[in-house]
Amino acid sequence: MEPSPGDGSSPSPSPPPTAHAKPEQSSGDQPAGPGAAGEALAVLTSFGRRLLVLVPVYLAGAMGLSVGFVLFGLALYLGWRRVREEKERSLRVARQLLDDEERLTAKTLYMSHRELPAWVSFPDVEKAEWLNKIVAQVWPFLGQYMEKLLAETVAPAVRGSNPHLQTFTFTRVELGEKPLRILGVKVHTGQSKKQILLDLNISYVGDVQIDVEVKKYFCKAGVKGMQLHGILRVILEPLMGDLPIVGAVSMFFIRRPTLDINWTGMTNLLDIPGLSSLSDTMIMDSIAAFLVLPNRLLVPLVPDLQDVAQLRSPLPRGIIRIHLLAARGLSSKDKYVKGLIEGKSDPYALVRVGTQAFCSRVINEELNPQWGETYEVMVHEVPGQEIEVEVFDKDPDKDDFLGRMKLDVGKVLQAGVMDEWFPLQGGQGQVHLRLEWLSLLPDAEKLEQILQWNRGVSSRPEPPSAAILVVYLDRAQDLPLKKGNKEPNPMVQLSIQDVTQESKAVYSTNCPVWEQAFRFFLQDPRSQELDVQVKDDSRALTLGALTLPLARLLTAPELTLDQWFQLSSSGPNSRLYMKLVMRLLYLDTSQVRFPAVPGIPGAWDLDESPQTGSSVDVPPRPCHTTPDSSFGMENVLRLHVLEAQDLIAKDRFLGGLVKGKSDPYVKLKLAGRSFRSHVVREDLNPRWNEIFEVIVTSIPGQELKVEVFDKDLDKDDFLGRCKVSLTTVLNSGFLDEWLTLEDVPSGRLHLRLERLTPRPTAAELEEVLQVNSLIQTQKSAELAAALLSVYLERAEDLPLRKGTKPPSPYATLAVGDTSHKTKTVPQTATPVWNESAAFLIRKPNTESLELQVRGEGSGTLGSLSLPLSELLVADRLCLDRWFTLSNGQGQVLLRAQLGILVSQHSGVEAHSHSYSHSSSSLSEEPELWSGLPQVTSSAPELRQRLTHSDSPPEAPAGPLGQVKLTVWYHSEERKLIGFIHSCRALRQNGRDPPDPYVSLLLLPDKNRGTKRKTSQKKRTLNPEFNERFEWELSLDEALQRKLDVSVKSSSSFMSRERDLLGKVQLDLAEIDLSQGAAQW
């Protein structure tokens, strides 16, 4: 075979072919390959195309058309062909230009892209490529650690948390090849000499893959890919003089990071609109609870580090009181008639500081709204945290954005008080904020000054706080075991008034370690209490309890208690270790001047000078008060929250795949008061049966606002709302309706509202007390029997300060836990207040009105205690005169009048007579729970003896004493109700008085399901119980029962034996259960 001309025959090396030179193939005797067939096919294709061009000419001739049609069609084709070639040429030029630009950019910026010189720096943030190289080197080993951590620590914890997850395992854990990147580092200098403060701008776009499996349910799920972007703050503290120099590392996100997760497996269902946002929210809440302020991750670097709790959850830097006053110049978002008519907006504001968020009320149809609301937020990091206010227009579907403003909290710290109009970004208009920085004081010296200042602050929706309490919950020891000697899963509920917080659950141990911190705002630490309940995670079993008056902290060093606390209702050695730190909230008011803004609640001016007295003649001393015509015209509204039906289900499990129910409760707001029912667990048709009472006036336009929520650990879900006009109830006197819940697909609420008008007579008081004891529910507070109205007009002859200076007096009126404070009249010994107050009275026979006159900065000037029993014997239950103060110097002129609250719609008729067919005198019989038929041996004799009597108003005392009780059937609730009032003249068996209690049993049941018993009273022969008991059964079933009432006493502390003091048996078929009557 001869070589082709392109082949070199000489031994000298030939240059390699270039990109444009292709070696020629031999054309000898070789058969035609694929190249020859391709050429033949190309020739045939070209010939066919040219032949197709002649087809239109042939068709035009065959149809007898003119040649012009052919030329016109040819012109159209050539024009289209030319336009197409122009477009393709333009695209080629643009693509070539882009390629040249990319090559030039890459060549010019190669050094800055790859190796940023050390001398290049930015104003605040420094680039840290060296740190990224370290992270990339460590990343595979970090993946090994995460795999071990998830398999050995997380998986067992998940399996122990729920019996349905006992087969939970991690089947695959890979962090992938893309490590986390640190885009910039900012070092904060000048903050503290004992710490190093860093802000890391982190970005993670990783190929992480984590798969889990629950074999019991053949369920597989996982994560494939994740993105995380945010600012991570790292604090190195404390700095020490020994290695490793840094004692611990704290890490947290100042603001919630941006998170995006790609789910695999069954969780792909969460990509459905509406479910994906739910899943992201749940995960973000979990991250916030773990690593977003105020929580933080602490890694100690040295053993036995002091104040670990303080480092893990340090005290806040301060408190900011945010007064959201008003806005102006907002944009109009409402449109009518398809946008032809422009309306206004219905603005409301969202206030955020970190994870703390508040929502104002909606102002309808207003571009210059005035809110006048106050919020208090804890500030943990300065600088870093921001105050963010967003304004929206409320709409039925989606709320419109009206603007946003942000402010670093460091500016508030520097200014102390800021009162400014802030422009809204992203919209038009301004928002008016007054921001106050409250410092934390570690002593109680200025508590009275703070409380006095807060009394003059108009704050809604919550009153201003005087202090904060931080509870460091550390651990517990020797908690009681569950039934069967099983280890409990302890968790802790901490409550102050109506605010409750819960700890995590620690599984399978009676010596749990929580190491968590909880924070509370306090209005008056002198009277508030911390209630601690240690429970099993099911919340059904209580493992211990503790009630701690916060007044103890006021006398402790630095307002701190750090010790073990013994638990009650628990084991003998059960105790709880906590550290409680209180700090007073102090605003330096020496330089504060607030402008008086008309129409804005809460605006005041401290420069207001007191009015001086006039030189006119002093009028003669009055003998009686002169209240205005509206005094004593208040009514009491009794709110009975019965039940609800068809509520929507809000609880979700397994990431939303399993639909649960709801844990509903009700909030009621009326006349500035708020009430809240108890929570009914897992019920879409709950029954609360709770009664609330509120004092109301006849001011038109008032409404009862009712909202239903689903109780959750983080944020409660909305289940609906409704409103009731107060005018309707006051005019009709009674309302019993099912109200449809608004803003939700389904649900209705059953309310019963009754107006109680006070009556100036004590003749019906005993009847009212009896009716209240019958209709009172177990979940409700004791019902009011009367309304006390007090008008305090003036005082005279008050003692002077230091003998010569007149005081600045004010007065406090109190009945029980309810109090009212008057205004302060400056520098006078004869103040005129002209103020009124009203109080709900539950037991007029035993309660009293307490009045104290105090001077601003001078202590108590005098006091008065007025027993309400004096009003019960007064004419029209009213006293109007001068009263001498207890110190003997000074008098006050006041009017106190009592009104008895008689219910006309209680469904109960109270009677003062006793039963004529049975007796409640006690008889002596042995306690025979196993031989119940023998119990009635002496009862027939008692019944026969009283059958022929004339039903005396009070049965004669038996040899063993008497018991006072009421038996009544509540037809609406289908319950038999028994009320144990008291016992008297019980028999003393031994040297010491007994410790009596009352046991009740519905015969002929022999089980303990119908057994009820009262609390035990210590060492008394005349115990007072006043306890109510209920049995759920129909009226027919009740008429077939007998009620066995036994009075017993514990024989000794260590013995289970009980001494029977006496018993009586009532045949319910012989009693008129429709009428509740108390009888001895």
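Computed from a predicted structure; not experimentally measured. (Residues numbered from 1 in each chain as written. Predicted model: local features only at pLDDT ≥ 70, side-chain atom pairs only at ≥ 80, totals over all residues. Heavy atoms only, no water.)

Glancing now at the UniProt feature "transmembrane region" (unreviewed entry) in the protein chain. Per the UniProt record, "transmembrane region" (unreviewed entry) is found at residues 57-80 and 234-254. Secondary structure across residues 57-80 divides into 83% helix and 0% strand, with the first and last C-alpha atoms of the span separated by 19 Å. (UniProt positions renumbered as here; feature names shortened; annotations may be inferred. Helix = DSSP H or I, 4+ residues; strand = E, 2+ residues; numbered from the N terminus.)

Now for the sheet that holds strand 33 (residues 717-725). Strand order in the open sheet formed by four strands is 30-29-32-33, and the pairing between neighbours is antiparallel. At either end of the open sheet lies a strand with only one pairing partner, and these are strand 30 (673-676) and strand 33. Between one strand axis and the next, the sheet turns through 15° on average, direction left out of account. Where strand 29 (residues 664-670) and strand 32 (residues 703-710) come together, six bridges link them in antiparallel fashion. From the neighbouring strand, K669 faces strand 32, where its bridge partner is K705. (Pairing = 2+ DSSP bridges. Axes fitted to C-alpha atoms, helices over the stretch in contact; angles between N-to-C directions.)

A few words on the sheet that holds strand 20 (residues 499-502). Read across the sheet, four strands follow the order 20-19-22-23 without closing on themselves; strand pairing throughout is antiparallel. Because the sheet does not close on itself, it has two edges, and the strands there are strand 20 and strand 23 (542-549). Between one strand axis and the next, the sheet turns by 15° as a mean value, whatever way the strands run. Relative to strand 20, strand 19 (residues 490-496) is paired through four bridges, and the arrangement is antiparallel. Bridging from a neighbouring strand, I496 pairs with V499 of strand 20.

Attention now moves to a nonpolar patch on the surface. A cluster of nonpolar side chains, contributed by L52, V55, Y58, L59, M63, L65 and F69, occupies part of the molecular surface with about 790 Å² of accessible area. Among the elements that make up the nonpolar patch, the one with the highest residue count is helix 1 (residues 34-62) (four residues). Here M63 is to be found in the loop between helix 1 and helix 2 (67-108). Given the relative accessible area of 62%, M63 is considered exposed. (Patch = residues over 30% accessible without salt bridge, like charges linked within 9 Å, V, L, I, M, F, W, Y side chains within 5 Å. Areas by Shrake-Rupley, 256 points an atom, 1.4 Å probe, with all protein chains shown as cover. Salt bridge = Lys/Arg side-chain N within 4 Å of Asp/Glu carboxyl O. Buried < 20%, exposed > 50% of the residue type's maximum accessible area, 1.4 Å probe, protein only.)

Moving on, we get to the pairing of strand 47 (residues 996-1003). Among the eight residues of strand 47, eight are classified as buried, and the element is accordingly described as predominantly covered. Burial of the side chains of strand 47 extends over both faces: P996, V998, L1000 and L1002 are buried on one face and Y997, S999, L1001 and L1003 on the other. With eight bridges connecting them, strand 47 and strand 50 (residues 1042-1050) associate as antiparallel partners. Looking across to strand 50, one finds that L1002 is bridged to L1043. Note that strand 47 and strand 48 (residues 1012-1013) share two bridges and pair antiparallel. Among the inter-strand pairings, L1000 is bridged to a residue of strand 48, identified as R1012.

Before going further, it helps to examine the confidence of the model for the protein chain. Caution applies to low-pLDDT regions: their predicted coordinates should not be interpreted in detail. Taken residue by residue, the protein chain gives an average pLDDT of 78. The fraction at 70 or more is 79%. Low pLDDT (under 50) marks residues 268-278, which in the prediction has nine contacts with non-local residues, meaning those over four places away or in another chain. Here residues 593-619 is modelled with pLDDT under 50, and outside its nearest four sequence neighbours on either side it reaches 36 contacts, counting other chains as well. (pLDDT = per-residue confidence, 0-100. Contact = heavy atoms within 4.5 Å.)

The next subject is unusual backbone geometry. Note the cis peptide between E237 and P238, where omega equals -5°. Note on placement: P238 falls in the loop between strand 4 (219-236) and strand 5 (248-253). Unlike most non-glycine residues, S569 shows phi in positive territory, near 55°. In this structure, S569 sits in the loop between strand 24 (560-566) and strand 25 (575-586). Exposure remark for S569: the relative accessible area of 65% places this residue in the exposed category. Residue N1026 is not a glycine yet carries a positive backbone phi of 50°. A residue is classified by how much of its surface remains accessible, and N1026, at 41% relative accessible area, is partly exposed.

Attention now goes to the packing of aromatic side chains. For the coordinates displayed, the defined rule picks out nine aromatic pairs. Ring geometry for Y665 against F709: centres 5.9 Å apart, planes inclined by 25°, an arrangement best described as stacked. Of the two residues, Y665 sits in strand 29 while F709 sits in strand 32, which places them 44 residues apart along the sequence. Grouping residues by exposure puts Y665 and F709 together as buried. With a centroid separation of 5.9 Å and an interplanar angle of 70°, the aromatic rings of F709 and F718 are classed as edge-to-face. Relative accessible area serves as the criterion here: at 13%, F709 is assigned to the buried category. (Phe/Tyr/Trp six-rings, centres within 6.5 Å; stacked < 30°, edge-to-face > 60°.)

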